[in-house]
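# Chains, contacts and geometry: an overview
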Amino acid sequence: MKFNMFKVFLVAILAVAVIMPFSKKDTAQAASTKTGYVDISSGSLTVRSGSGANYKKVGSLKNGTKTTVYSQTKTGWSEIRYNKRKAYVSTQYLRFYYNMSQNTAKSITDRVIKMQRKTWERNYTKQQIYSIMTPGFATPYIDKFFKEQMYKSGKDRYGNQLYHQIETEIFGYNIDSFEWFAKKKPTIQYFIKANQEYLVVSQYLLDEESGNHWTYLYLSKANSKSNWKVYNINRKYD
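Figured I'd write up the structure that's included with this text. These numbers come from a predicted model, not from an experiment.

## Some details on the layout of surface pockets
Here the largest pocket is characterised by a volume of approximately 210 Å³. As for the largest pocket, its lining consists of Lys34, Gln72, Thr73, Gly76, Thr91, Gln92, Phe96, Tyr98, Ile192, Lys193, Ala194 and Asn195. Breaking the lining of the largest pocket down by element, the ones donating at least two residues are β8 (94-98) and β11 (187-193). Considering only residue class, the lining of the largest pocket consists of four nonpolar, six polar and two charged. Considered as a void within the structure, the second largest pocket measures approximately 170 Å³ in volume. What lines the second largest pocket is simply Glu179, Ala182, Lys184, Lys185, Thr187, Ser202, Gln203, Tyr204, Leu206 and Trp214. Of all the elements, strand β12 (residues 196-205) adds the most residues to the lining of the second largest pocket, at three residues. Classifying every residue of the lining of the second largest pocket by side-chain character gives four nonpolar, three polar and three charged.

## Comments concerning the side chain of arginine 235
Turning to its location among the elements, arginine 235 is positioned in strand β14 (residues 229-237). At 2.9 Å, the side chain of arginine 235 forms a polar contact with the side chain of aspartate 176. The contact partners of arginine 235, leaving out residues within four places of it in the chain, are Phe171, Gly172, Asn174, Ile175, Asp176, His213, Trp214 and Thr215.

## Structural notes on the pattern of salt bridges
Summed over all chains, the structure comprises five salt bridges. Arginine 95 is paired through a salt bridge with aspartate 39; the nearest N and O atoms lie 2.8 Å apart. On the criterion of sequence distance, the pair formed by arginine 95 in strand β8 and aspartate 39 in the loop between β1 (34-38) and β2 (45-48) is long-range, its members being 56 residues apart. Here arginine 95 matches aspartate 39 in class, with each residue buried. Linked by salt bridges that have partners in common, Asp39, Arg95 and Lys193 make up one network.

## Re the pairing of β8
Pairing of β1 with β8, which is carried by two bridges, proceeds in the antiparallel orientation. Residue pairing across strands places valine 38 opposite leucine 94, the latter belonging to β8. Bridge analysis of β8 against β11 gives four bridges, and the strand direction is antiparallel. Its bridge partner being in β11, tyrosine 98 is matched across the sheet by tyrosine 190.

## With respect to the packing of helix α3 (residues 126-133) against helix α4 (residues 139-149)
Where α3 meets α4, the closest approach of the two axes is 11 Å, and the angle between their N-to-C directions is 135 degrees. In this view, α3 runs oblique relative to α4, as classed from their interaxial angle. Both α3 and α4 take part in a crossing whose hand is right-handed. In this structure, α3 uses Lys126, Ile129, Tyr130 and Met133 to contact α4, whose residues at the interface are Ile142, Asp143, Phe145 and Phe146. Looking at the contact of α3 with α4 residue by residue, the class counts come to six nonpolar, no polar and two charged.

## Some words on the nonpolar core
The biggest cluster of nonpolar side chains holds 29 residues, and the ones touching the most others in it are Ile129, Phe137, Ile175, Leu199, Leu217, Leu219 and Val230. For this core, the secondary structure elements donating two or more residues are α2 (102-117), α3, α4, β12, β13 (213-221) and β14. With five residues, the top contributor of residues to this core is α2. Residue contacts for leucine 217: discarding those within four places in its chain leaves Thr109, Val112, Ile175, Phe178, Leu199, Val200, Val201, Val230, Asn232 and Ile233. Counting 11 residues, the second largest nonpolar core, distinct from the first, contains Ile40, Leu61, Val69 and Ile80.

Rules used throughout
- Residues numbered from 1 in each chain as written.
- Predicted model: local features only at pLDDT ≥ 70, side-chain atom pairs only at ≥ 80, totals over all residues.
- Heavy atoms only, no water.
- 1 Å grid on protein atoms, 1.4 Å probe; cavity = no way out; pocket = protein on both sides within 12 Å on 5 of 7 lines; lining within 4 Å.
- Points joined across faces, edges and corners; volume = space filled by probe spheres on them.
- Helix = DSSP H or I, 4+ residues; strand = E, 2+ residues; numbered from the N terminus.
- Nonpolar A, V, L, I, M, F, W, Y, C, P; charged D, E, K, R; others polar.
- Polar contact = N/O pair within 3.5 Å; in protein donor to acceptor, adjacent residues only side chain to side chain.
- Contact = heavy atoms within 4.5 Å.
- Salt bridge = Lys/Arg side-chain N within 4 Å of Asp/Glu carboxyl O.
- Buried < 20%, exposed > 50% of the residue type's maximum accessible area, 1.4 Å probe, protein only.
- Pairing = 2+ DSSP bridges.
- Axes fitted to C-alpha atoms, helices over the stretch in contact; angles between N-to-C directions.
- Parallel < 35°, antiparallel > 145°, perpendicular 65-115°, else oblique.
- Left-handed = near helix turned anticlockwise from the far one by under 90°.
- Core = buried A, V, L, I, M, F, W, Y, C linked by side-chain atoms within 4.5 Å.

Written as structure tokens, this is what we have:
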């Protein structure tokens, strides 16, 4: 009787010893995976049998498709599963979402809004306007802002042309103020694509003057040491 109980105990220990290594391995593998979303401007994303453009095409993924990434190569390819088989797609066409706190997003948007609002204060030369906005805005955005929002308003004492905002076009390329303490707070989307960080902040605003609308602010930065810069805004009215 004692011998049989000892055999049962020994078998149980061996079973646990065999199972544990596999459990840890499976857990580690699951923890290393992440979710990617296809992000392409047109067409579809090619899926290949190996990690390179020279490998056979085995399928394609539509824009916005959600896929699990099991590993990534240093040469820019992501391992996925396609039709239950190992396959690869180019990492540069995938976006990976991460969490960002409301306080962090608020700090980022407050900074660029304050920067832009400074251009409202008085007349500036074109060089001064670009100097004010460059730390927080992409150059193509400033080009559009200057063209659409500014008009000539005299000259300074040195004969330099001065510009001022067109009061009737105060919205345009000017950023809406987000209502961070409203019942329905702004939506924050923070993701990385092709090693570049992106942030999209949006909110539905009630505005009797300009009309109720959704406002969207788009920012990006090249790396962790760079400044967030606005590259686009958008409004959708009811």
